[in-house]
Structure formats: C-alpha cells, structure tokens
Amino acid sequence: MSTAAPEAPARTVPFEFFDVHVVRARRLGPTMLRVTLGGEPLRRLSAGGRDQRIKLFLPQAGQQAPLVPTDAGEAWFTVWRSMDPSVRGIMRSYTVREQRRVPQDELDIDFVLHGVGDPADADSAGFVAAGPASRWAATARPGDRVTILGPTVEDNGGVDFRPPAGTDWVLISGDETALPAVAGILGWLPPGMPAKVWIEVPHAEDIQELTTVADADITWLVRDNTTEHRTEFHRASIASAQLPEGTPYAWIAGEAGTVKTLRRHLVGERGFDRKRVTFTGYWRQDTTEEQLVEEAVSGAAAATAGSE
Ligand SMILES: Cc1cc2nc3c(=O)[nH]c(=O)nc-3n(C[C@H](O)[C@H](O)[C@H](O)COP(=O)(O)OP(=O)(O)OC[C@H]3O[C@@H](n4cnc5c(N)ncnc54)[C@H](O)[C@@H]3O)c2cc1C
C-alpha cells in the first residue's frame, strides 16, 4: 500500500504553508460538505488537479488559529511531532476539489462528515466515530482560520494519478473520501478515454453530477442498498464487470482494508500488472490519522534500522 498517504510530505519546494480562512460552507448531500477557503496567500498555491493531496492543519478547541511550525524550514515535521499533541495544529490529509483564480483566489475541499450527529453510524456500544476534521468541517464558519501545506507548482509530488504511456483505458475505484479525487481525475481525462469507474457512497442522495469528456461508465455503489460488508459489495461489483480490451491503468483509494482487497483482486484475479495499479488507503477503520502517521514514522525507522 502506498505509505505516502499518512506520512507528511516534506516541506521542500514545491510545497509551502498557506494561512487561509473559510469563505463559505455548503452541504452537497447527507454525507459531504464543501468548504471554500480563501485568502491572499492562495495566489501562490498551484494545484495539479486530479487527486492533488494537501495537508490541512486545524486549530484545537479554544484556539483562533492552528499552531504550526511554519518557520522551522525542512525540520517542520520533527518540530510539529515534538509539540504537545493537545496544543499543536491537528494535521489531516485532504484533496483539492477545485482551485479558482477568478473572481478571487479560492480553493474547495469536500469533507466527509463521518459520524457527525448521525446515530446510524454508532457501533453496537453506541460509539459514533467522528474525528476532529469531520467535526471542524461540520461547524466551519466564514472567517475560521486554518493552515494548508500545499504545492506552489502544478507538476508536484502530491498528484498520484499518473497513467503510464501505453494506457488504453483506466479503472477508477473509490469511496466517498475519494470522491473529490475521482471528480478531479474525471475532469482531467482526455476526450474519449475509456474509464470504468466505481464510487461507493453511503446514501443515494450523496450521488453527484460529475463532469468529464472521457468515455466514462460510472457505477454508484450505494451502501444503503446492501446488507453486505462494504468491501465485498465493492469487490463483487468489480468482479462481475466486463472490462475493456487493451492495457489498463488502475487507481484505487478509500478505506485501507477495502483498497487492499480490491488491489489483490485486480492483480491476482484479473491479471493487472502491479506496476499499473496506484492504490492508497485514505483512512483506516478504527484508526485516527495521528495513529497512521506514527505507524508510518516507526515503519520508516524500522526499515532504516533493518537496512544497516
Ligand atoms: C491523500 C488523501 C486524500 C484525502 N482526501 C479526502 C477528501 O478530499 N475528503 C475527505 O473527506 N477525506 C479525505 N481523506 C480522508 C481523511 O483524511 C480521513 O477520513 C481522516 O481520517 C479524517 O480525519 P478525522 O479527524 O475526521 O478523523 P480521524 O481522527 O482521523 O479518525 C477518527 C475515527 O474516524 C474514523 N474515520 C476516519 N475517516 C472516516 C470516514 N470517512 N468514514 C468513517 N469513519 C472514518 C477512523 O477510522 C477513526 O476511528 C483523504 C486521505 C488521504 C490520505
């Protein structure tokens, strides 16, 4: 699995910190909320489209703005990790849904409101898994301040959707957290490119109108319509599909366990070349992003120790 997801990108060129504020927030459906960010610094941000990822830093309760070591240069991640977790800015990964230059510099992020005030999400013990980012978005108001770590050039390492030369068609699969990325990818694909697309959402009202000039065949997997586990629901739909002829490129993102199963299906059962499959766990069941970051850091440390 790609480990780029939970790890913080280095603050090397072309990534920089941007202090921005909420301009407006708008519900897109029962699950998603679009937060539009603005501010003069956004003039220097240059998103690469597709699945452009950024880091978002959110304030802790009672803070006006997140505390981020923006002056620490290349050492920012080490400094941030050494700060009190209850004081430092809360770091999360998100996708640039859209960047606009006119009438003013703005950036849209579409948040999944997981667990926010939805008793249907409670587990058998009555626990509702909401995270700080989901909660922040649900109450975001114009003027609220956040910091972004984002790119200053369009061609940057935060874009993963990169079909190799010789790709005849693409397979795209994601859940609601990957929907902003899937929308960006579909908007980027060239005219007529065959695309088989699977998008998993909780409710029928979460289905969005997606714009593309590609030859896209989109299957919406609405979890309300099944009693199956999300992973099997998704896998079975792809497994039963007739796929186009020619050389494919696949991009898969969403819940880590589901992503792993889908990748195994494509490589193991459908004969996809593993080098032509980009797969990223966007979140993991019962695990916060802090835990994923710490896992990635200790994994990297163990790998370094093992190679000596
Ligand atoms: C490259 C990348 C791009 C991403 N882009 C987006 C995006 O554009 N929009 C978006 O909404 N998310 C996106 N995500 C996923 C998002 O970062 C995670 O869902 C993140 O955990 C949310 O933070 P939180 O503070 O709300 O929850 P956390 O504090 O991280 O987690 C709290 C609990 O909630 C659970 N949880 C986390 N996310 C979900 C979920 N979606 N559904 C159900 N339970 C969940 C966790 O397992 C945990 O138990 C992206 C992730 C990556 C790596």
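Residues numbered from 1 in each chain as written. Predicted model: local features only at pLDDT ≥ 70, side-chain atom pairs only at ≥ 80, totals over all residues. Heavy atoms only, no water.

**Student:** An account of the pattern of salt bridges is needed here, citing residue identities and associated values.
**Tutor:** Per the stated rule, a full pass over the model turns up 23 salt bridges. Residue D155 is joined to R162 by a salt bridge in which the shortest nitrogen-to-oxygen separation is 3.7 Å. Taking relative accessible area as the criterion, D155 reaches 63% and is therefore assigned exposed. Classification of R162 by relative accessible area gives partly exposed; the value is 36%. Residues participating in the shared-partner salt-bridge network are R24, E98, R100, E106 and D108. (Salt bridge = Lys/Arg side-chain N within 4 Å of Asp/Glu carboxyl O. Buried < 20%, exposed > 50% of the residue type's maximum accessible area, 1.4 Å probe, protein only.)

**Student:** Give me the sheet that holds strand β11 (residues 248-255): which residues, what numbers.
**Tutor:** With parallel pairing, five strands are arranged side by side in an open sheet as β10-β9-β8-β11-β12. Strands at the two margins of the open sheet, each flanked by one partner only, are β10 (215-222) and β12 (277-283). Direction aside, neighbouring strands of the sheet carry axes that sit 10 degrees apart on average. In terms of strand pairing, strand β8 (residues 169-174) meets β11 through six bridges, oriented parallel. In the strand pairing of β11, S173 is matched with I252. Together, β8, β9 (194-201), β10, β11 and β12 form the strand contacts of helix α3 (residues 179-188), whose direction differs from that of β9 by roughly 160 degrees. Relative to β11, helix α5 (residues 256-269) is tilted by about 160 degrees, and along the sheet it contacts β8, β9, β11 and β12. (Pairing = 2+ DSSP bridges. Helix = DSSP H or I, 4+ residues; strand = E, 2+ residues; numbered from the N terminus. Axes fitted to C-alpha atoms, helices over the stretch in contact; angles between N-to-C directions. Contact = heavy atoms within 4.5 Å.)

**Student:** Quick one: what's the story with the packing of aromatic side chains, residue by residue and with numbers?
**Tutor:** Evaluated as defined, the whole model comprises 11 aromatic pairs. Seen from their ring centres, F57 and W76 are 5.8 Å apart, and the 85 degrees between their planes marks the pair as edge-to-face. Taken together, the positions of F57 in strand β3 (residues 53-58) and W76 in helix α1 (residues 76-82) put the pair 19 residues apart, joining distant regions of the chain. Considered together, F57 and W76 belong to a single accessibility category, that of buried residues. For the pair F161 and W188, a centre-to-centre distance of 5.8 Å together with 80 degrees between the ring planes defines the contact as edge-to-face. Placement of F161 in the loop between β7 (145-151) and β8 and of W188 in helix α3 is noted, with a sequence separation of 27 residues between them. Exposure remark for F161: the relative accessible area of 0% places this residue in the buried category. You can call W188 partly exposed: its relative accessible area is 38%. We note R88 situated over the ring of W80; from NZ or CZ to the ring centre the distance is 3.9 Å. (Phe/Tyr/Trp six-rings, centres within 6.5 Å; stacked < 30°, edge-to-face > 60°. Lys NZ or Arg CZ within 6 Å of the ring centre and 35° of its normal.)

**Student:** Hey, could you go over the sheet that holds strand β6 (residues 106-112) for me, with residue numbers and the actual values?
**Tutor:** The strand order across the open sheet built from seven strands is β4-β3-β7-β1-β2-β6-β5, with neighbouring strands paired in antiparallel fashion. Sheet topology places β4 (90-95) and β5 (98-100) at the edges, where each strand pairs with a single neighbour. Recorded for the sheet is a direction-independent mean angle of 35 degrees between the axes of neighbouring strands. Where β3 meets β7, three bridges bridge the pair, whose relative direction is antiparallel. Opposite L56, over in β7, you have I148 as the bridge partner.

**Student:** Break down α3 for me, with residues and values.
**Tutor:** Of all 10 residues in α3, eight are buried; the element is thus mostly enclosed. Taken together, the buried positions of α3 are L179, P180, A181, V182, A183, G184, I185 and L186.

**Student:** With reference to specific residues and values, describe the environment of E232.
**Tutor:** With respect to the secondary-structure elements, E232 resides in helix α4 (residues 230-239). For the pair formed by E232 and T258, sequence separation is 26 residues and the distance between their alpha carbons is 8.2 Å. Separated by 3.0 Å, the side chains of E232 and R235 make a polar contact. (Polar contact = N/O pair within 3.5 Å; in protein donor to acceptor, adjacent residues only side chain to side chain.)

**Student:** Pulling in residues and values, what's your account of the site of the ligand?
**Tutor:** Inspection of the region around the ligand gives 25 residues, with R92, S93, V112, H114 and R284 positioned closest. In the model, a nitrogen atom of the ligand is placed 2.9 Å from a nitrogen or oxygen of the D110 main chain. In the environment of the ligand, an oxygen atom lies 2.8 Å from a nitrogen or oxygen atom belonging to the backbone of V112. When the ligand sits alone it has 920 Å² of accessible area, and the protein chains cover 93% of it. Mapped by element, the contributors of at least two residues to the shell around the ligand are β4, β6, α2 (132-138) and β12. (Near = heavy atom within 4 Å. Areas by Shrake-Rupley, 256 points an atom, 1.4 Å probe, with all protein chains shown as cover.)

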